[in-house]
Amino acid sequence: MTTTIARVLAGATAAAAVILVPGAAAAEDTSTRLVLTREDSDQPTRTADLACDPVGGSHPDPVAACEYLLTGDLALPEEDPGVRCFRYHPVTLRAEGTFHGAPVFVERTYNCLVPDLPTPWKF
């Protein structure tokens, strides 16, 4: 009976060690996985998935987008304050997921004119 209890305890200890190891590996995760969304008042909402390392997803150019993200960031350009808006036309861009392993949420609403966007935002 003592042998059975010792085996159960040894098995439980090994199982606990296995459970702890993936947590340590997850802390070192540097992958980028994003859901990009574009909400336009005149068009249906568009969504693209982007994964880097390995590169993939539904983004139309995931290779260029991931290459940009290696040196760039997810920041969106400011709306040009010199543009005169004759018709309110909001467009909201959003990214959520993980960026280099860290949780990220980016959102910006353009009220009139969307400026030229970096590659990850072109979908």
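Residues numbered from 1 in each chain as written. Predicted model: local features only at pLDDT ≥ 70, side-chain atom pairs only at ≥ 80, totals over all residues. Heavy atoms only, no water.

Colleague: Teacher, can you tell me more about the pairing of strand β4 (residues 102-110) here?
Modeller: Along any regular strand, the residues point their side chains to alternate faces of the sheet. Pairing between strand β3 (residues 91-99) and β4: 9 bridges, direction antiparallel. If you follow phenylalanine 99 over to β4, its bridge partner there is alanine 102. Hairpin connection from β3 to β4: 2 residues lie between these consecutive antiparallel strands, with histidine 100 at a positive phi of about 55°. (Pairing = 2+ DSSP bridges. Helix = DSSP H or I, 4+ residues; strand = E, 2+ residues; numbered from the N terminus.)

Colleague: It is not clear to me how unusual backbone geometry should be interpreted in this structure. Could you clarify?
Modeller: Note on backbone geometry: most residues besides glycine have negative phi, and most peptide bonds are trans. Between aspartate 53 and the following residue, proline 54, the backbone shows a cis peptide bond with an omega angle of 5°. Here proline 54 shows up in the loop between β2 (43-52) and α2 (62-71). Even without being glycine, aspartate 53 reaches a positive phi, approximately 65°. Its location among the elements puts aspartate 53 in the loop between β2 and α2. By relative accessible area, which is 61% here, aspartate 53 ends up exposed. (Buried < 20%, exposed > 50% of the residue type's maximum accessible area, 1.4 Å probe, protein only.)

Colleague: How should I be thinking about the layout of surface pockets in this particular structure?
Modeller: In this approach a probe as big as a water molecule rolls over the atoms, and the regions it shows empty are the leftover space. In this structure, the largest pocket encloses a volume near 150 Å³. Along the walls of the largest pocket sit Thr30, Ser31, Thr32, Cys52, Asp53, Val55, Cys66, Leu69, Leu70 and His100, which together make up its complete lining. Sort the elements by how many residues they give to the lining of the largest pocket and α2 lands first, with 3 residues. Taken together, the residues of the lining of the largest pocket sort by class into 5 nonpolar, 4 polar and 1 charged. (1 Å grid on protein atoms, 1.4 Å probe; cavity = no way out; pocket = protein on both sides within 12 Å on 5 of 7 lines; lining within 4 Å. Points joined across faces, edges and corners; volume = space filled by probe spheres on them. Nonpolar A, V, L, I, M, F, W, Y, C, P; charged D, E, K, R; others polar.)

Colleague: Would you take a moment to explain the state of the cysteines for this structure?
Modeller: Each disulfide consists of a covalent bond between the sulfur atoms of two cysteine residues. One pass over the structure, following the stated rule, counts 2 disulfides. Bridging cysteine 52 to cysteine 66, the disulfide has an S-S length of 1.9 Å. One quick way to see it: the torsion about the S-S bond of cysteine 52 and cysteine 66 is about -90°, and its sign makes the bridge left-handed. In this pair, cysteine 52 is assigned in strand β2 and cysteine 66 in helix α2, connecting sequence segments 14 residues apart. With a relative accessible area of 10%, cysteine 52 lands in the buried category. Residue cysteine 66 is classed as buried on the basis of its relative accessible area of 6%. Note that cysteine 85 is cross-linked by a disulfide to cysteine 112, the S-S spacing being 2.4 Å. Looking along the S-S bond of the cysteine 85-cysteine 112 disulfide, the torsion reads about 100°, which is the right-handed sense. Of the two residues, cysteine 85 is situated in the loop between α2 and β3 and cysteine 112 in the segment after β4; the sequence distance between them amounts to 27 residues. (Disulfide = S-S within 2.5 Å.)

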